[in-house]
Amino acid sequence: MGNAICDLFGVRYPIVMGAISQTPELAAAISNAGGLGCIAGAIAPPDLLRSRIRQLKELTDKPFSLNFPIALTPEKDIQAKMEMMGEEGVPVVITSAGSPRVWTKMLQDRGSKVAHVLPTLMHARKAVEAGVDAIIAEPAESGGYRGDHEVSMMVLIRAIRRAFPETPLVAAGAVADGPGFAAVIALGADGVQLGTRFIATLEANAPEHVRKLILAATDISTMSAEGRIKPRINRPELAEEVLGERKQTQMGQVSAIIDSIEPVEKVIREMVEGAAEASRRLAHNIEVFQGAAV
Ligand SMILES: Cc1cc2nc3c(=O)[nH]c(=O)nc-3n(C[C@H](O)[C@H](O)[C@H](O)COP(=O)(O)O)c2cc1C
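By convention here, each chain's residues receive numbers from 1 onward along its written sequence. Local features in this predicted model are restricted to residues of pLDDT 70 or higher, and side-chain atom pairs are both shown and tallied only at a pLDDT of 80 or more, whereas totals for entire chains, interfaces and linings draw on every residue.

Peer 1: Just checking my understanding: could you explain the overall build of the protein chain for this structure?
Peer 2: Of the regular secondary structure elements, the protein chain holds twelve helices and ten strands. Here the C-alpha radius of gyration of the protein chain, 19 Å, is about what a compact globule of 294 residues would show, namely 19 Å. Referenced to the eigenvectors of the C-alpha coordinate spread, the extents of the protein chain come out at roughly 60 × 50 × 35 Å. For the protein chain, with 294 residues in total, the buried portion stands at 47%. Per the convention used, a helix needs a DSSP run of H or I reaching at least four residues, while a strand needs a run of E reaching at least two, with both numbered from the N terminus. With the radius of gyration taken over C-alpha atoms, the globule rule is written as 2.2 Å times the number of residues to the power 0.38. Counting other C-beta atoms within 10 Å of a residue's own tells you its class, since 20 or more makes it buried, 12 or fewer makes it exposed, and anything in between is partly exposed; those C-beta atoms are placed from the backbone.

Following this line, the structure appears as structure tokens:
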């Protein structure tokens, strides 16, 4: 039996890049390192997006994805963008912040795999009914759009996995290292989506203030932003302390355990090696107390 996400997306590792960059360089580095790179597709008009997809195809021959938060994509451009993705043969389309019912079938008919990002079991039901190929579950901890419901990773992944044992499932957020990666797989996910950890890479080329905020953050440095889609952002106190001014950036709780800017290849390699080591420790611990119980 293979890994459902590796098999579905055709990648070496079930490590998906979140929609954290509109340009192709970081996506290419991640796809070339064995993950699934991503271009954030909401803002660029269709022609610019097409040229970015073509640039990405020059930089990698590996699978990649395009991400659309439907509510944030200008309505006038959506149809043209969706059609363009079929023309360009985009392997994976990730939709979020909106209904998966409207676009899933059309995208699949044009040859893309479709994954939908969602924050609750109720949204997962709708996505499965819409026929998505995979679910990307975004818990309270993540740097993404979590809506009004603060469902934790521990509960969200278990609830979705129990309801939908067969659906390929990616855990989005709260993971920055091998033990976290192993933990979400232990919960029932098939893979992970990383936002904040990939912003803190050399290839992301993030602005200096963003890097400083992520590296300085502790477990109490982020909060939910106001508004309908509620991204997680730094607390103003962190920016005051680190930058001397009230700047705001979107970042996950996981920034608490990110303390260096590293090359993408190293992040992925250490995450895979760390997950293998964590799973050995887990298996050993369980064997010990199972043995002791009898
Ligand atoms: C700066 C930033 C921008 C993001 N933009 C989007 C987006 O446009 N669409 C989307 O589905 N998710 C978006 N996300 C969420 C990521 O795709 C990913 O699911 C999330 O960051 C995972 O949580 P983590 O940051 O704890 O790893 C964004 C996240 C960050 C940090």
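From this point, things continue past the structure.
Peer 1: What's the story with the nonpolar core in this structure? I'm lost.
Peer 2: Soluble globular proteins tend to bury their nonpolar side chains together. By our criterion, buried Ala, Val, Leu, Ile, Met, Phe, Trp, Tyr and Cys residues that link up through C-beta atoms within 7 Å make up a nonpolar core. Judged by nonpolar contacts, the single largest core of 84 residues is most densely connected at Cys38, Ile135, Ala137, Val170, Ala171 and Val192. Residue pairs are scored as contacts if the distance between their C-beta atoms, which are placed from the backbone, is within 7 Å. Residues in contact with alanine 137, not counting those within four places in the same chain, are Leu118, Leu156, Ile157, Ile160, Leu169, Ala171 and Ala172.

Peer 1: Looking at this model, I keep getting lost on the site of the ligand. Mind explaining?
Peer 2: Think of it this way: take the backbone, place a C-beta atom on it, and check whether that atom is within 6 Å of the molecule or strand, in which case the residue is near it. Looking at the ligand, there are 25 residues lining it, with Gly18, Gly143, Gly173, Gly195 and Gly252 nearest. Of the residues in the shell around the ligand, the class split is eleven nonpolar, twelve polar and two charged. The nonpolar class holds Ala, Val, Leu, Ile, Met, Phe, Trp, Tyr, Cys and Pro. Asp, Glu, Lys and Arg form the charged class, and all remaining residues, Gly among them, are polar.

Peer 1: How should I be thinking about the environment of glutamate 88 in this particular structure?
Peer 2: One can find glutamate 88 in helix H4 (residues 75–88). A residue is classified by how many C-beta atoms lie within 10 Å of it, and glutamate 88, with 17 of them, is partly exposed. The spatial distance from the C-alpha of glutamate 88 to the C-alpha of alanine 225 is 35 Å, given a sequence separation of 137 residues. The residues contacting glutamate 88, other than those within four sequence positions of it, are Arg50 and Ile53.

Peer 1: Honestly, helix H3 (residues 46–59) in this entry has me stumped. Any pointers?
Peer 2: In an α-helix, one turn spans 3.6 residues, which is why side chains three or four residues apart end up on the same side. A helix is expected to span 1.5 Å multiplied by its residue count minus one. The end-to-end C-alpha distance of H3, which contains 14 residues, comes to 20 Å, matching closely the 20 Å that a straight helix rising 1.5 Å per residue would cover. For H3, the full list of buried residues reads Leu49, Ile53 and Leu56. For H3, the arc enclosing every buried residue in end-on projection is 60°, short of the 170-degree limit, so these residues lie on one face. The outward face of H3, more than 90 degrees from its buried face, is lined by the exposed residues Asp47, Leu48, Ser51, Arg54 and Glu58. Check the buried side of H3 and you find it contacts helix H2 (24–32), strand S2 (37–40), strand S3 (64–69) and H4. Working definition: the arc comes from the directions between the helix axis and the C-beta atoms, pointing outward to the latter.

Peer 1: For this particular structure, what's the right way to read the environment of isoleucine 220?
Peer 2: In this structure, isoleucine 220 sits in the loop between helix H10 (208–216) and strand S9 (222–224). A count of 11 C-beta atoms within 10 Å places isoleucine 220 in the exposed class. In the structure, isoleucine 220 is positioned 142 residues away from isoleucine 78 in sequence and 37 Å away in space, judged by C-alpha atoms.

Peer 1: Would you mind going over unusual backbone geometry with me for this structure?
Peer 2: Trans is the common state for peptide bonds, and a negative phi is the common state for residues other than glycine. One non-glycine residue, alanine 97, lies in positive phi territory at about 45°. Looking at the secondary structure, you find alanine 97 in the loop between strand S4 (92–96) and helix H5 (104–109). By the C-beta count within 10 Å, which is 22 here, alanine 97 ends up buried. The backbone of alanine 174 sits at a positive phi, close to 70°, despite the residue not being glycine. With respect to the secondary-structure elements, alanine 174 resides in the loop between strand S7 (169–172) and helix H8 (178–187).

Peer 1: Could you clarify how one ought to interpret the environment of phenylalanine 64 in this entry?
Peer 2: Tracing the backbone shows phenylalanine 64 in strand S3. Taking the C-alpha atoms as reference points, phenylalanine 64 and leucine 36, 28 residues apart in sequence, are found 5.2 Å from one another.

Peer 1: Could you clarify how one ought to interpret the pairing of strand S8 (residues 191–194) in this entry?
Peer 2: In regular strands, side chains alternate between the two faces of the sheet. Residues Gly191 and Gln193 of S8 are buried on one face, and the alternating residues Val192 and Leu194, pointing to the opposite face, are buried as well. For two strands to be treated as a pair, DSSP must find no fewer than two bridges joining them. Summarising the sheet, strand S1 (residues 15–17) and S8 pair through three bridges and their orientation is parallel. When the sheet's bridge partners are listed, isoleucine 15 is paired in S8 with valine 192. Note: S7 against S8, three bridges, orientation parallel. From the neighbouring strand, valine 170 faces S8, where its bridge partner is glycine 191. Handedness is read with the strands pointing away from the viewer; a crossover is right-handed when the path from the first strand over the helix to the second is clockwise. The β-α-β motif built from S7, the intervening H8 and the parallel element S8 has right-handed crossover chirality.

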